[in-house]
Amino acid sequence: MRITPCQAALAAAITLNLLLLLFSRLLPSSSSSRSCHPRAVPKAVPGVTVILRDFHGPDHDVAATARSFSSLPGVAVLVAAEVSPYPPVSLPAGVALLSLRPQPHRAPPRPEAAVRTQHVALVPDGARPAPGLLRRMRDALEATSDVTVKVVAAAVGRRRPRCLSLEVDIKAWTVRYGHQSDQSDRNDHKSDRCGALDGAPAVLLLRTRDLFSLPFPLSSPVVTSVSLQAATRGWRLLLLPDSFPSSPRPPRSPHSLWKTQNLMEKQHRELMEKFGVKLELLPDGLQRWHGCTKDTPRCFGTIHAQTPEYLLEGRWTPPCCLRALRITALHVLAELESAGIRYWLEGGSLLGAVRLGDIIPWDYDVDVGLYREDVPKCRWLAAVLRSGRPVEDPQGFFWEKAAEGEFFRVHFSGTNRLHVDLWPFYPRDGGVMTKDTWLGHRQDVEFPERFLVPLGSVAFAGAVAKAPNDPRAFLELKFGRGAIESPEYPNPALRRWQQDR
């Protein structure tokens, strides 16, 4: 078939169009490039973005708060929440809702991509703008000569927050608050440099790059979250004498106040869990515990190679677990004492008693030796022997035969398996104490009965416990010379004590 010049030209044009269409699909346009590469955020511009984060309950003031700040020239406003405020609210034009909860049908939330300004202010519900105060906060941040000041704060309402010191001890799962001694900023004798704020709401202003360098930049409650993360980095907060007005609100019902308080306490507990904090030491001397009740599982799983997982993370035993171990140990020792059983602290527990008068800070159980022939004297151990089943005593402690061999365990509860191990020993020929189950631990060795005749005593966990009559010689027999003065983890091949000094 003969092709005319017109047909050839038409075929060439069709082919060219198809090729152009193909390349347009393969090479993304500028708009699709932006959607495929969401991390390509434009360079930050001068100004402040206000993020509303902490608002609670159905009677929140988020719409009015957003409206008041969005009226400021050059200020962008975002409302950050896991889910949309409920009941639904009508946000002012230009105020964006920033969803923080990951959802399977959406891209992961990236709040940093929504902030285009060099500074960001975290504003609590109910605050109202004060003329020029955001600018003064920004100027104070940029003008301070203290390089540790990364956050500037101002109160909301008439009450000024308390300026506290704050220490975060990651290894001990503990935060310590204290009363801050007066430290005035050079530019304003009324400005305080703080580790944390407490007692009243506040606006926090940071550089955008600093806020989003934090692992949990918008975790709630905001002031507590930012303070904890700042403390681990050596940052401080500069509290200005200025304050933002707060909106007048009608009196809230008792039920609404109760719901709000419960929600705030829930958020605080969840924040402590996220940050791995088990104990808060408050400036008035009170303690706030998170974890280890009789109704909760213990904070760590099964121990392998004598090394709990928290030790591999550079942490020691959670303080709530140590507290539960002390309670369990003192209960068990009191029961053995009242039954007339010859017992003594064993292994690492004796080592902690001699070295510290307490449980070793990274230990995860308590070891007690006792004469095997005395076991039936204890009513709970006798009940376990008779029935072959665990027994719960009236205080909720759980006594049982260990599955690993011929010894007993007493747990903090049937749910919380923090425990004391009871090892039945007996003398064999030659006056050497032995037992029927050995787990291959370093301290698992036979020893002369003369260490127990007579028994001595040692301070332990706030009480006095029975111990071998020559604890140093006993421990050096089990652990080697200098064991008391030379701390070491149970399995140095996995992690050494020197790594966490």
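These numbers come from a predicted model, not from an experiment.

Along the chain, the regular secondary structure elements total twelve helices and 24 strands. Residues counted as buried form 48% of the 501 residues belonging to the chain. For the chain, contacts bridging at least 24 residues in sequence account for 67% of all contacts bridging at least 6. As displayed, the chain offers around 25,700 Å² of accessible surface, 56% of which is attributable to carbon and sulfur atoms.

Turning our eyes to something else, we now look at the sheet that holds strand S6 (residues 162-169). With mixed pairing, five strands are arranged side by side in an open sheet as S10-S6-S7-S13-S14. The two strands at the open ends of the sheet, each matched to only one other strand, are strand S10 (196-198) and strand S14 (287-289). Across the sheet, the mean angle from the axis of one strand to that of its neighbour is 25°, orientation sign disregarded. Both strand S13 (residues 279-281) and S14 contribute to a ladder of three bridges, which runs antiparallel. When the sheet's bridge partners are listed, Leu-279 is paired in S14 with Trp-289. Strands S6, strand S7 (174-179) and S10 of the sheet are contacted by helix H6 (residues 222-232), whose axis makes an angle of about 55° with S6.

Time to look at the confidence of the model for the chain. On average, residues of the chain carry a pLDDT of 89, and 89% of them reach 70 or more. Confidence over residues 18-41 falls short of pLDDT 50; this stretch has eight contacts with residues more than four positions distant or in other chains.

A word on helix H9 (residues 319-338). For H9, built from 20 residues, the straight-helix expectation of 28 Å at 1.5 Å per residue is met to within 8% by its first-to-last C-alpha distance of 29 Å. One or two steps after H9, the chain reaches Gly-340, where phi turns positive at roughly 75°.

Conventions adopted
Residues numbered from 1 in each chain as written. Predicted model: local features only at pLDDT ≥ 70, side-chain atom pairs only at ≥ 80, totals over all residues. Heavy atoms only, no water. Helix = DSSP H or I, 4+ residues; strand = E, 2+ residues; numbered from the N terminus. Buried < 20%, exposed > 50% of the residue type's maximum accessible area, 1.4 Å probe, protein only. Contact = heavy atoms within 4.5 Å. Areas by Shrake-Rupley, 256 points an atom, 1.4 Å probe, with all protein chains shown as cover. Pairing = 2+ DSSP bridges. Axes fitted to C-alpha atoms, helices over the stretch in contact; angles between N-to-C directions. pLDDT = per-residue confidence, 0-100. Expected span 1.5 Å × (residues − 1).

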